[in-house]
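Examination of the molecular architecture
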Amino acid sequence: MRTLRVADVPETTISGLEAGPSGERKVLSEKPFKGAIAIERKRTERSGEPFLLMLCGVTGEGQEGDVWLRDKIVSVLLAASRETDVVGWYTDRDMVGVLFTSFVDNDRKLILNTILNRFSSLLEAELPLEQFARICLSFHFFPDDWHAFESGSASNPALYPDLLDPGSRRKSYLLVKRGIDLLGSVLALIFFSPLFLLIALAIKLTSKGPVFFQQNRVGQFGRQFMFLKFRTMYCNCDSAVHREYVTRLIANQAERNLTDPCGQGIFKLTNDRRITWAGRILRRYSLDELPQLLNVLRGDMSLVGPRPAIPYELAAYQTWHRRRILEAKPGVTGLWQVTGRSQVRFDEMVRLDLRYATSLSLWLDLKILARTPLAVVRGAGAC
């Protein structure tokens, strides 16, 4: 993302960005325009062709002539953009945006300077100096660079308005889901409290170190949080071996391990010497996951949702893989956990997560929760 006051920039030109006549083009209202952004994201995930969202706002709200100024901005955007570009209100009658697609050149700096130069020149010619100085442009490329943000969120919120502001039906579902998470996690913590003590004792008796393992994980919209598990490894273990395996797994270069203790064939590190004797039992029956109920209580996770990602996984993600941590809050259990777990390839895991995210319902959550105990007892893919 880049935010700029409209100002003169060096003259630059780039083929494929010539302006077209406005004709009978219309400005989309807020909901259709945000829907167009969502559709363009999904198209980019398939094609790999980037797009640019330019947002144009006015500083110093509430001044005389604001309505006239915004109408003048809209007319300039329509006149200066191509007929294939989409113009619409990002926030109704407040901030207007343009979706630019189909670039011939992939030089983002050149594209940005070309567009900034064109629009600033036209706006300067149409507006009084004091009005021109109030205009502010921001530029948002997709795919966005997830490593460029320092706000604790890896994603650029401007590119995901449909996810950050869901409809009333989804909001009602999320509110009820949060209530179930709070009630369920409290009851589960009370019910499993004796087991917590036994597990803690087993961990302390079989290895040195803390009872809990804490790790930064990536939640919804790329926000990081402190993830809790019962410790199943010896202390101070090197994570390089796991990082290397996960990178190959995401790239679909990992082979199915046919010699795993469960004899099922899984995509997972097996016979890992870093794991303690007690840790193997805890992992076999997913008992190491129980402290995540505290993450649910804090709101970092839900009872049902995709597996939270480790930060170093993101570097290996393809653009479409990101949707699994954007469209739903991570969960203790989920569709992947009860439908094959580590027996399926990474891409299939992502598809299961996306199927859940696009089919959100309380009935689906209840079905997954009901299937979880049997999946835990069977231990399929957990070895």
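Residues numbered from 1 in each chain as written. Predicted model: local features only at pLDDT ≥ 70, side-chain atom pairs only at ≥ 80, totals over all residues. Heavy atoms only, no water.

**Quick notes on the side chain of R231**
Filter applied, for reference: Going along the chain from the N terminus, every DSSP run of H or I of four or more residues is numbered as a helix, and every run of E of two or more is numbered as a strand. The definition of a polar contact used here is a pair of N or O atoms within 3.5 Å, where within protein one atom must be able to donate a hydrogen and the other to accept one, and adjacent residues in sequence count solely through side-chain atom pairs. A contact between two residues is defined here by any heavy atoms of the two lying within 4.5 Å.
Tracing the backbone shows R231 in the loop between β7 (224-230) and α7 (240-250). Of the polar contacts made by the side chain of R231, one reaches the backbone oxygen of P210; its length is 2.5 Å. At a separation of 2.8 Å, a polar atom in the side chain of R231 contacts the main-chain carbonyl oxygen of M233. Setting aside residues no more than four positions away along its own chain, R231 makes contact with I203, S207, K208, G209, P210, V211, F212, F213 and L282.

**Regarding the nonpolar core**
What counts, and what does not: Take the buried residues of types Ala, Val, Leu, Ile, Met, Phe, Trp, Tyr and Cys, join any two whose side-chain atoms come within 4.5 Å, and each joined set is a nonpolar core. Think of it in three bands: with a 1.4 Å probe and only protein chains considered, a residue is buried below 20% of the maximum accessible area for its type, exposed above 50%, and partly exposed in between.
By size, the foremost hydrophobic cluster in this structure holds 57 residues, and its most contacted members are L53, F230 and Y356. Filtering out sequence-adjacent residues up to four positions away, Y356 remains in contact with Y173, K177, V304, G305, A328, L335, L364, D365 and I368. The next biggest cluster of nonpolar side chains, apart from the first, holds 29 residues, and it includes L69, V96, L127 and F132.

**Remarks on helix α3 (residues 108-126)**
In plain terms, the rule: Given the number of residues in a helix, its expected span is that number minus one, multiplied by 1.5 Å.
The end-to-end C-alpha separation of α3 is 27 Å, in line with the 27 Å expected for 19 residues at 1.5 Å each. Among the residues of α3, the N-terminal cap falls to D107, whose side-chain oxygen and the backbone nitrogen of K109 are separated by 3.1 Å.

**Quick look at the packing of helix α6 (residues 168-206) against helix α8 (residues 277-284)**
Our working definition: Orientation is described by lines fitted to C-alpha atoms, with helices fitted over the stretch in contact, and by angles between N-to-C directions that extend from 0 to 180 degrees. Note that the term roughly parallel is reserved for angles under 35 degrees, roughly antiparallel for angles over 145, roughly perpendicular for angles of 65 to 115, and oblique for everything else. Lys, Arg, Asp and Glu make up the charged group, whereas Ala, Val, Leu, Ile, Met, Phe, Trp, Tyr, Cys and Pro make up the nonpolar group; the residues left over, Gly among them, are polar.
Relative to each other, α6 and α8 sit at 150°, their axes nearing to 8 Å. Judged on the interaxial angle alone, α8 and α6 are roughly antiparallel. Listed contacts from α8 to I199, A202, I203 and T206 of α6 are W277, A278 and L282. Of the residues assigned to the contact of α6 with α8, the class counts are six nonpolar, one polar and no charged.

**Points about the packing of aromatic side chains**
Our working definition: Only centres within 6.5 Å qualify two rings of Phe, Tyr or Trp (six-membered ring in Trp) as a pair; their planes then separate them into stacked at under 30 degrees, edge-to-face at over 60, and tilted for everything else. Here, a charge over a ring is recorded when the distance from Lys NZ or Arg CZ to the ring centre is within 6 Å and its angle to the ring normal is within 35 degrees.
This model, assessed by the stated rule, comprises eight aromatic pairs. Judged by centre distance (5.1 Å) and plane angle (85°), the rings of F191 and F192 are edge-to-face. One aromatic cluster is present, built from ring pairs that chain together F51, F142 and Y160. Over the face of the ring belonging to Y90 we find K34, whose NZ or CZ atom lies 5.3 Å from the ring centre. The lysine or arginine in question, R284, covers the ring of Y285, its NZ or CZ lying 5.1 Å from the ring centre.

**Describing the environment of Q215**
With respect to the secondary-structure elements, Q215 resides in strand β6 (residues 212-218). Taking the C-alpha atoms as reference points, Q215 and I310, 95 residues apart in sequence, are found 8.3 Å from one another. Setting aside residues up to four positions removed in sequence, Q215 forms contacts with F225, M226, F227 and I310. Reaching out from Q215, the side chain makes a polar contact with the side chain of R217 at a distance of 2.7 Å.

**Points about unusual backbone geometry**
Of the consecutive residues F142 and P143, the connecting peptide bond is found in the cis state with omega at 5°. Topologically, P143 is positioned in the loop between β5 (135-142) and α5 (161-164). You will see that N236, though not glycine, has its phi angle at about 60°, which is positive. Take N236: it is sitting in the loop between β7 and α7.

**Quick notes on the pairing of strand β3 (residues 86-91)**
Filter applied, for reference: Any two strands with at least two DSSP bridges between them are considered paired.
Bridge count between β3 and strand β4 (residues 95-100): five bridges; the pairing is antiparallel. Bridging from a neighbouring strand, W89 pairs with V96 of β4. Counting the residues that bridge the hairpin from β3 to β4 gives three residues, and of these R93 lies at a positive phi of roughly 55°.

**Comments concerning the pattern of salt bridges**
Selection rule: We define a salt bridge as a contact between a side-chain nitrogen of Lys or Arg and a carboxyl oxygen of Asp or Glu at a distance within 4 Å.
In total, this model carries 16 salt bridges according to the counting rule given. Between R323 and E45 there is a salt bridge; the shortest N-O distance is 3.7 Å. Separated by 278 residues along the polypeptide, R323 in helix α10 (residues 323-326) and E45 in helix α1 (residues 30-47) bring together distant segments of the chain. Its relative accessible area of 15% is what places R323 among the buried residues. One salt bridge in this structure joins K229 and D288, with 3.1 Å as the shortest N-O distance. Pair noted here: K229 is in strand β7 and D288 is in the loop between α8 and α9 (292-298), with a separation of 59 residues, a long-range link. Across the pair, exposure class does not vary: K229 and D288 are buried alike.

**A closer look at the pairing of β5**
Extensive coverage of β5 is indicated by the burial of eight of its eight residues. Burial along β5 is two-sided: the residues I135, L137, F139 and F141 and C136, S138, H140 and F142 are all buried. Both strand β2 (residues 51-58) and β5 contribute to a ladder of eight bridges, which runs antiparallel. Note on β5: the bridge partner recorded for C56 is L137.

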